Amino acid sequence: MSTEKRTQIIDELVGAQRQITALLNSAPDAEWRPAPNQWSLRQIAWHLATAEQSCLLTRIQQIATGGNPTFGIYLDTETEFNNRALPFALEQWANARQEVINFVKDLPDEALAYTGYHPSFGPLTILGYLQVFLEHDRRHLAELQQMVVQ
């Protein structure tokens, strides 16, 4: 069961990333934002890349040790995303996502049962954390679809 679920969630993560990347690549202005207090398309791309590398990858690696780590809330709202190119953000995100996928594919099935604790989500397995990030991708996809249509 966990092998099927692992494959399914990896496929969904890859699909969501493809959709987001296509949307961002099709946008004529990476600096555009729907309101002054919202992130630009470029900033969203960098947020995705940063969260994948600094949060998801690090945390699933910690869960895989079997030590039941406790995590805080991850926020990168203070991260400076200015002066960073959109194409480079997408490249960094693709590289980080591939690292995550390779790591998860190589894990033994028993490691998928290990958990960590997140204050918002409670106990999370590695696949549970991947699901959290899939939902994160989907929220940004919906946001980007609205932004690009405007």
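To be clear, the structure that these remarks concern was listed above.
Residue positions are given per chain, counting from 1 as you read along its sequence in written order. Thresholds applied to this predicted model are a pLDDT of at least 70 for local features of residues and 80 or more for the giving and counting of side-chain atom pairs; totals over whole chains, interfaces and linings are not thresholded and use all residues. Water and hydrogen atoms were dropped before computing side-chain values, which therefore reflect all heavy atoms in the structure.

**Thoughts on the nonpolar core**
The nonpolar side chains of soluble globular proteins are, as a tendency, buried together.
Next, step 1: Here, nonpolar core refers to any group of buried Ala, Val, Leu, Ile, Met, Phe, Trp, Tyr and Cys residues whose side-chain atoms link them within 4.5 Å. Throughout this description, buried means an accessible area under 20% of the type-specific maximum (1.4 Å probe, protein chains only), exposed means over 50%, and partly exposed covers the range between. Formed by 26 residues in total, the largest nonpolar core has its most connected members in Val 104, Ile 126, Tyr 129 and Leu 130.
Next, step 2: By the criteria applied, helices consist of DSSP H or I runs no shorter than four residues and strands consist of E runs no shorter than two, each listed in order from the N terminus. At the level of secondary structure, the elements contributing two or more residues to this core comprise α1 (2–26), α2 (41–63), α3 (86–106) and α4 (126–149).
Next, step 3: With 7 residues, the top contributor of residues to this core is α4.
Next, step 4: Residues count as neighbours in contact if any of their non-hydrogen atoms are within 4.5 Å of one another. When sequence neighbours within four positions are dropped, the list of residues in contact with Tyr 129 reads Cys 55, Leu 56, Arg 59, Ile 60, Ile 63, Phe 71, His 118 and Leu 124.

**Regarding the layout of surface pockets**
Next, step 1: A 1.4 Å probe that fits into a set of points on a 1 Å grid over the protein atoms alone but cannot get out defines a cavity; an open set with protein on both sides within 12 Å along at least five of seven lines defines a pocket, and lining residues are those with an atom within 4 Å of a point. Grid points are joined across faces, edges and corners, and a volume is the space filled by probe spheres set on the points. Its volume calculated, the largest pocket comes out at about 330 Å³.
Next, step 2: Along the walls of the largest pocket sit 18 residues, with His 47, Tyr 74, Phe 133, His 136 and Arg 139 positioned nearest its centre.
Next, step 3: When residues of the lining of the largest pocket are traced back to their parent elements, those giving at least two are α2 and α4.
Next, step 4: When residues in the lining of the largest pocket are grouped by element, the largest group, 6 residues, is from α4.
Next, step 5: Tallied by class, the residues present in the lining of the largest pocket amount to 10 nonpolar, 5 polar and 3 charged. Three categories are distinguished: nonpolar for Ala, Val, Leu, Ile, Met, Phe, Trp, Tyr, Cys and Pro, charged for Asp, Glu, Lys and Arg, and polar for the others, with Gly belonging to the last.

**What about unusual backbone geometry?**
Negative phi is the rule for most residues except glycine; trans is the rule for most peptide bonds.
Next, step 1: A positive phi angle is found at Asn 68, which is not glycine, with a value near 50°.
Next, step 2: Tracing the chain through its elements places Asn 68 in the loop between α2 and α3.

**What about the environment of Ala 89?**
Next, step 1: With respect to the helices, strands and loops of the structure, Ala 89 is situated in helix α3.
Next, step 2: Overall, the relative accessible area of 0% leaves Ala 89 in the buried class.
Next, step 3: Separated by 42 residues in the primary sequence, Ala 89 and His 47 have C-alpha atoms spaced 8.5 Å apart.
Next, step 4: Residue contacts for Ala 89: discarding those within four places in its chain leaves Ala 45, Trp 46 and Ala 49.

**Remarks on the packing of α2 against α3**
Next, step 1: Orientation is described by lines fitted to C-alpha atoms, with helices fitted over the stretch in contact, and by angles between N-to-C directions that extend from 0 to 180 degrees. Put simply, α2 and α3 touch, their axes get as near as 8 Å, and they point 20° apart. The angle between α2 and α3 falls in the class roughly parallel. α2 and α3 meet at a crossing whose hand is left-handed. Side by side, α2 and α3 meet where Leu 41, Arg 42, Ala 45, Trp 46, Leu 48, Ala 49, Glu 52, Gln 53, Leu 56, Leu 57, Ile 60 and Gln 61 of the first sit next to Leu 86, Phe 88, Ala 89, Leu 90, Gln 92, Trp 93, Ala 96, Arg 97, Glu 99, Val 100, Phe 103 and Val 104 of the second. Angle categories: roughly parallel below 35 degrees, roughly antiparallel above 145, roughly perpendicular from 65 to 115, and oblique for all the rest. Helix crossings are classified by the rotation of the near helix relative to the far one: an anticlockwise turn of less than a right angle makes the crossing left-handed, while a clockwise turn makes it right-handed.

**A word on the pattern of salt bridges**
Next, step 1: By convention in these notes, a salt bridge is any Lys or Arg side-chain nitrogen within 4 Å of a carboxyl oxygen on Asp or Glu. Considering all chains together, one arrives at 5 salt bridges under this definition.
Next, step 2: Measuring nitrogen to oxygen at the nearest pair gives 2.8 Å for the salt bridge that ties Arg 138 to Glu 12. Pair noted here: Arg 138 is in helix α4 and Glu 12 is in helix α1, with a separation of 126 residues, a long-range link.
Next, step 3: Owing to a relative accessible area of 35%, Arg 138 belongs among the partly exposed residues under this scheme.
Next, step 4: When its relative accessible area of 25% is taken as the criterion, Glu 12 is described as partly exposed.
Next, step 5: The shortest N-O distance in the salt bridge between Arg 97 and Glu 52 comes to 2.7 Å. Here the residue Arg 97 occupies a position in helix α3, and Glu 52 occupies one in helix α2, the gap between them amounting to 45 residues.
Next, step 6: A relative accessible area of 1% means that Arg 97 is categorised as buried.
Next, step 7: For Glu 52, a relative accessible area of 1% translates into the label buried.
Next, step 8: One network of salt bridges, with partners in common, ties together Glu 12, Glu 135 and Arg 138.

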